[in-house]
Amino acid sequence: QKEVEQNSGPLSVPEGAIASLNCTYSDRGSQSFFWYRQYSGKSPELIMFIYSNGDKEDGRFTAQLNKASQYVSLLIRDSQPSDSATYLCAVTPSNDYKLSFGAGTTVTVRA
Amino acid sequence: GAGVSQSPSNKVTEKGKDVELRCDPISGHTALYWYRQSLGQGLEFLIYFQGNSAPDKSGLPSDRFSAERTGGSVSTLTIQRTQQEDSAVYLCASSFDGASTDTQYFGPGTRLTVL
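Procedures and definitions
- Residues numbered from 1 in each chain as written.
- Chains lettered and ligands numbered in written order.
- Predicted model: local features only at pLDDT ≥ 70, side-chain atom pairs only at ≥ 80, totals over all residues.
- Heavy atoms only, no water.
- Phe/Tyr/Trp six-rings, centres within 6.5 Å; stacked < 30°, edge-to-face > 60°.
- Helix = DSSP H or I, 4+ residues; strand = E, 2+ residues; numbered from the N terminus.
- Buried < 20%, exposed > 50% of the residue type's maximum accessible area, 1.4 Å probe, protein only.
- Lys NZ or Arg CZ within 6 Å of the ring centre and 35° of its normal.
- 1 Å grid on protein atoms, 1.4 Å probe; cavity = no way out; pocket = protein on both sides within 12 Å on 5 of 7 lines; lining within 4 Å.
- Points joined across faces, edges and corners; volume = space filled by probe spheres on them.
- Nonpolar A, V, L, I, M, F, W, Y, C, P; charged D, E, K, R; others polar.
- Contact = heavy atoms within 4.5 Å.
- Buried area = accessible area lost by both parts, 1.4 Å probe.
- Salt bridge = Lys/Arg side-chain N within 4 Å of Asp/Glu carboxyl O.

A.B. asks: Is there a simple way to think about the packing of aromatic side chains in this case?
C.D. replies: The relation between two aromatic rings is expressed through the spacing of the ring centres and the mutual angle of the planes. For the coordinates displayed, the defined rule picks out 13 aromatic pairs over all chains. Ring geometry for tyrosine 97 of chain A versus tyrosine 48 of chain B: centroids 3.8 Å apart, planes at 20°, classification stacked. Linking tyrosine 97 of chain A in the loop between strand E9 (85–92) and strand E10 (100–101) with tyrosine 48 of chain B in strand E5 (residues 42–50), this pair reaches from one chain into another. Ring geometry for tyrosine 35 of chain B and phenylalanine 106 of chain B: centres 5.6 Å apart, planes at 45°, overall tilted. Here tyrosine 35 of chain B is found in strand E4 (residues 31–38), whereas its partner phenylalanine 106 of chain B is found in strand E9 (residues 105–106), with 71 residues between them in sequence. Residue tyrosine 35 of chain B is classed as buried on the basis of its relative accessible area, which comes to 0%. Its end group placed over the ring of phenylalanine 45 of chain B, lysine 98 of chain A keeps NZ or CZ at 5.1 Å from the ring centre.

A.B. asks: Explanation requested: the layout of surface pockets in the structure shown.
C.D. replies: In this approach the atoms are scanned with a rolling probe the size of a water molecule, which exposes any empty space left behind. Each pocket or cavity is described by its volume, and for the largest pocket that value is around 1100 Å³. Taken together, 40 residues line the largest pocket, and the ones lying closest to its centre are Gln37, Ser38, Gln41, Gly42 and Leu43 of chain B. When contributions to the lining of the largest pocket are tallied by element, the ones reaching two or more residues are E9 and E10 of chain A together with E4, E5, strand E8 (88–95) and strand E10 (110–114) of chain B. Taken together, the residues of the lining of the largest pocket sort by class into 15 nonpolar, 18 polar and seven charged.

A.B. asks: Explain the interface of chain A and chain B here, please?
C.D. replies: The parts lose accessible area when they come together, and the size of an interface is often stated as this lost area. With 17 residues of chain A at the interface, the matching set in chain B holds 18 residues. Of the roughly 1500 Å² buried where chain A meets chain B, counting both sides, 56% is carbon and sulfur surface. When the buried surface of chain A facing chain B is broken down by residue, Tyr97, Lys98 and Phe101 of chain A rank first, second and third, together holding 36% of it. Counting across the interface, chain A meets chain B through one salt bridge. The closest approach of N and O atoms between lysine 98 of chain A and aspartate 56 of chain B, which form a salt bridge, is 3.4 Å.

Read these as geometric descriptors, not functional statements.
Written out as structure tokens, the structure is:
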């Protein structure tokens, strides 16, 4: 079982719609959860981090964490063509500092 | 301020040659990480440096890979006797103090192609 799994893509959504990205992790003691966005040919850039159960909103992005279900998600509201990228879920397992990444979900926003 | 910088941005080498990849972390960041991103493998951890502590080399795939960090700042990743399977993008990241809650900021990466 992979440490971090993301819903398989690619995900295609129309402009203005909500894109929903899911991620599950295997280490129940994981402490920190990150969403990175990676444009083609570029390096990952941080979108959001979340440490506590519940929702965290930042502009058009909302991260949701449910530690009991070992599940973290990212919602992108009012999707724009500029949101087209690969989204990487990353987790720091318990008592660790190195990130474990999911394989990524590629999102395409259709104009 | 300046972000993480890496050089070269691209490196093409012949099988069997040695290569050196350089990373300059964000000023003031004590933690430095190397990751590798290859097609079909995703992002995988290679090595971690934190201050003057011994590095965590648990992710290095073979003894052909080594890394050092001089003066707690610049780091060099060396791959000896390169193989075609070493072809990947090598990403360096830094964070403030290496805590599990710390955000890691990535450099632009070095794309290594082994012919």
